[in-house]
Amino acid sequence: ISLLNGNDAIKAEDGVWDWVEHHIDKKEVGICGYNGEEEEITIPEYVVYQKEVYTVTALKNCSYGHNKFGVKSPDTPNDHRFKTNNVVKSITMLENITSIDGNEFGNNKVLENVTMSDNMQEFNGGAAFFGCSKLKSCKLSNSIKIIPANLFQNCTLLEEVNIPESTIEIGESAFSGVNSIEKLVIPGNVKKIGTNAFWNMGFAENSKLKEIVINEGVEEIGEQAFGRENSVNVDLHLPSTIKREKIGKNAFAEFGKRNGKKVYLF
């Protein structure tokens, strides 16, 4: 349990956390930032406010200010927010975290590693990690059903990320511009792959993408979903569950162009 510094900020041994209301009727709050000096942090399980214990169940976006009533933290400087924090390189989320707001870490310049437990169930909005230019690895929860739009868009250094078996849909531009992944595997439980979902992953000269595997079970591929995967050096054989009419325009434009590779319908 993290103890308070006075009645406002949460004071723990590794620094000051910032927080906002989440579900006060359930005694739940969300962490929205960190003011400490540690490069590796674990999100706390509880906070104590005026002798009351509140469970931390979410990472909340406080870009538009804090809750102006009862249970809240003070308006601390902007650099406390995760998206503008210039200290934290590694974040671990325990089982208490069940949701993450959209754009929570957007365009962060130092964050490298994110690990979440399998109790993390949803993203409330897209682009949570959009443009995180130093992000190298992210362990997604095996409870995630929808990978939202723009989740990892333009995370150019992202090397390790799992698409969980629980996933049924991958949103628009979710991985667009990610060019440090070598092999991309789409689980069969995924039914729909959105427009531009993996667009431009293999276009840059330094792109590492060499192989894509789409497993049996996938049914729909949006426009330009796998466009500009020039660097791929293995043919792609689509599963029987994908029908021609469910493949969007230019879904595989320029696929394997550098190495003369092709895409085959079942």
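Our subject is the structure that appears above.
For clarity, every value in this text was computed on a predicted model and none was experimentally measured.

**Student:** Hey, could you run me through the packing of aromatic side chains in this one?
**Tutor:** Remark: the centre distance and the inter-plane angle together describe each pair of aromatic rings, the angle taken between the planes. Under the counting rule described, the total for this entry stands at 9 aromatic pairs. Judged by centre distance (5.5 Å) and plane angle (10 degrees), the ring pair of Phe-129 and Phe-152 falls under stacked. Placement of the pair is Phe-129 in the loop between strand S11 (122-124) and strand S12 (137-139) and Phe-152 in the loop between strand S13 (146-147) and strand S14 (160-161), with a sequence separation of 23 residues. Per residue, the accessibility class of Phe-129 equals that of Phe-152, and both read buried. Taking 5.5 Å as the distance between ring centres and 5 degrees as the angle between the ring planes, the aromatic pair formed by Phe-226 and Phe-252 counts as stacked. In this pair, Phe-226 sits in the loop between strand S19 (220-221) and strand S20 (236-237) while Phe-252 sits in the loop between S20 and strand S21 (263-264), placing the two residues 26 residues apart along the sequence. For the pair Phe-226 and Phe-252, one class covers both residues: buried. Grouping aromatic residues by their ring pairs yields a cluster made of Phe-82, Phe-105, Phe-123, Phe-129, Phe-152, Phe-175, Phe-198, Phe-226, Phe-252 and Phe-255.

**Student:** Explain the pattern of salt bridges to me, please; I cannot follow it from the model alone.
**Tutor:** When charged atoms on two side chains of opposite charge get close, those side chains can pair. In this structure the tally under the stated criterion is 4 salt bridges. Between Asp-101 and Lys-60 there is a salt bridge, and its shortest N-O distance comes to 3.5 Å. Of the two residues, Asp-101 is situated in strand S9 (residues 99-101) and Lys-60 in the loop between strand S7 (52-59) and strand S8 (90-92); the sequence distance between them amounts to 41 residues. In this structure, Asp-101 and Lys-60 share a single accessibility class: buried.

**Student:** Hey, could you run me through the environment of Ala-197 in this one?
**Tutor:** Along the chain, Ala-197 turns up in the loop between strand S17 (192-193) and strand S18 (211-214). Between the C-alpha atom of Ala-197 and that of Phe-226, which follows or precedes it by 29 residues, the distance is 7.1 Å. Ignoring anything within four residues of it in the chain, the contact list for Ala-197 reads Ile-170, Gly-171, Ser-173, Ala-174, Phe-175, Ser-176 and Ala-225.

**Student:** Would you mind going over the side chain of Ser-180 with me for this structure?
**Tutor:** Following the sequence through the fold, Ser-180 ends up in the loop between strand S15 (169-170) and strand S16 (183-186). Judged by relative accessible area, which is 8%, Ser-180 ranks as buried. Among the polar contacts listed, one links the side chain of Ser-180 to the backbone oxygen of Thr-156, at a separation of 2.6 Å. Not counting chain neighbours up to four residues away, the residues in contact with Ser-180 comprise Thr-156, Leu-157, Leu-158, Glu-159 and Lys-208.

**Student:** In this structure, what is going on with the sheet that holds strand S5 (residues 40-42)? I would like to understand it.
**Tutor:** Two orientations exist for strands paired in a sheet by backbone hydrogen bonds: parallel and antiparallel. Taken in spatial order, the 5 strands line up as S5-S8-S10-S12-S14 in an open sheet, and their pairing is parallel. Each end of this open sheet is capped by a strand with a single partner; those strands are S5 and S14. Of the strand pairs in this sheet, S12 and S14 are connected by 2 bridges, and their pairing is parallel. Within the sheet, the bridge partner assigned to Ser-137 lies in S14 and is Glu-160.

**Student:** Explain the sheet that holds S13 to me, please; I cannot follow it from the model alone.
**Tutor:** Across the sheet, which stays open at both edges, the 4 strands sit in the order S13-S15-S17-S19 with parallel pairing between neighbours. What marks the edges here is a single partner per strand, and that holds for S13 and S19. The sheet contact formed by S15 and S17 spans 2 bridges and is parallel. Residue pairing across strands places Glu-169 opposite Lys-192, the latter belonging to S17.

Thresholds applied
Residues numbered from 1 in each chain as written. Predicted model: local features only at pLDDT ≥ 70, side-chain atom pairs only at ≥ 80, totals over all residues. Heavy atoms only, no water. Phe/Tyr/Trp six-rings, centres within 6.5 Å; stacked < 30°, edge-to-face > 60°. Helix = DSSP H or I, 4+ residues; strand = E, 2+ residues; numbered from the N terminus. Buried < 20%, exposed > 50% of the residue type's maximum accessible area, 1.4 Å probe, protein only. Salt bridge = Lys/Arg side-chain N within 4 Å of Asp/Glu carboxyl O. Contact = heavy atoms within 4.5 Å. Polar contact = N/O pair within 3.5 Å; in protein donor to acceptor, adjacent residues only side chain to side chain. Pairing = 2+ DSSP bridges.

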